[in-house]
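Listed below, chain by chain, are the residues.
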Amino acid sequence: MKRHRQRQLQRAARQYHRDGPPLHLQHGLLQRYHFAQPQPARSWWHDVVFILNDHRVSVHWIHPRLAYEDAVDAGACAQLPEPATSVLAGATPLYRAVGRARKRQRGWQLAASAGPDQAYVAAQHRLCRDGSIRIVPSLQVRWNRRGRCVDLCAPLEVRNLHELQALVALVRRLLKRETTLAAEFPGYHYERTDWAKEMMSPQ
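Computed from a prediction, not measured in an experiment: that's the story for all the values here. (Residues numbered from 1 in each chain as written. Predicted model: local features only at pLDDT ≥ 70, side-chain atom pairs only at ≥ 80, totals over all residues. Heavy atoms only, no water.)

Caption draft 1: Inspection of the nonpolar core at higher detail. Of all hydrophobic cores here, the largest spans 21 residues; its most connected members are F50, V59, L152 and V171. Residue assignment for this core shows that the elements contributing at least two residues are β2 (45-52), β3 (55-62), β7 (147-153) and α4 (161-175). Of the residues forming this core, the biggest block, seven residues, is contributed by α4. Among all residues touching F50, those that are not within four sequence positions of it are G28, L29, H55, R56, V57, V59, V168, V171 and R172. Formed by 13 residues, the second largest nonpolar core is a distinct cluster that contains I62, L66, L127 and C153. (Core = buried A, V, L, I, M, F, W, Y, C linked by side-chain atoms within 4.5 Å. Buried < 20%, exposed > 50% of the residue type's maximum accessible area, 1.4 Å probe, protein only. Helix = DSSP H or I, 4+ residues; strand = E, 2+ residues; numbered from the N terminus. Contact = heavy atoms within 4.5 Å.)

Below, the structure written as C-alpha cells:
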C-alpha cells in the first residue's frame, strides 16, 4: 500500500511539472531568498528549487550549527518546570490588624521566581556544558504532488551563488545515489566545542 501511494505521488509530481505553472529559474535554480551583503563568515540555512529529470526538487538545507542550536533550545524547553496550577502556589498571606488581638487577611505576597527567561538560559547553559548533543549529517527525502522534498543537514557554507550551486550539485549526486553523506563527510559531527569556537569568533 505504501509503495502504491509512493508511485501515485511520483506520477502526480511529474504531471505537475509538465502541466503546472512554469518555474522562473536563474542559473537553473529558483532562489527564494537573496544572499546577505556583505557576505557573512557563517551561514545557517537556505532553500532552493531545481529540476531533476522530469520533476521538481525543493531543498531545505541547514548547517549543523543550526541543528545544534535547535537541539539545545528544544532540550532547554523540555527542562523547564511545569507552570504552577495556581498563581498563588507558594504565596505568603498578608494580614492587617483588626483590633488588639485579631487580624484579617488582606492579600497575598507572590513567591519570588527566577522567571522563565532565566530558567531557560540556565537550562541552555547546562546542555552546552554536559556535551550530550552531537549533530551528524542527515538526509530526508519524500515525495508530494508537486515534486520531491529534500531536508539536508550538512557542513557546507551557502553564502553566495557559487556555494549554492555546489549545494545543489551535492543534492543531485545524493538523489542519484552517486555518493552518500558518509562518503562526503566521513566521521563528521558537530558538538559543543565547535559551537563554543564559532560563537567566540567574529561573524
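Next comes the rest of the write-up.
Caption draft 2: Just the packing of aromatic side chains, in detail. Under the defined criterion, the tally for this structure stands at four aromatic pairs. Ring geometry for W44 and W195: centres 6.3 Å apart, planes at 80 degrees, overall edge-to-face. One end of the pair, W44, is in the loop between β1 (30-31) and β2; the other, W195, is in helix α6 (residues 192-200), and 151 residues separate them in sequence. Put simply, the rings of W44, Y68, Y190 and W195 touch in pairs and so form one group of aromatic residues. (Phe/Tyr/Trp six-rings, centres within 6.5 Å; stacked < 30°, edge-to-face > 60°.)

Caption draft 3: A look at the pattern of salt bridges. Under the counting rule described, the total for this entry stands at nine salt bridges. Between E198 and R65 there is a salt bridge whose closest N-O contact spans 2.7 Å. Highlighted residues: E198 in helix α6 and R65 in helix α2 (residues 64-79), separated in sequence by 133 residues. Across this residue pair, the class does not change: E198 and R65 are buried. One connected set of salt bridges, linked through shared partners, spans R65, E157 and E198. (Salt bridge = Lys/Arg side-chain N within 4 Å of Asp/Glu carboxyl O.)

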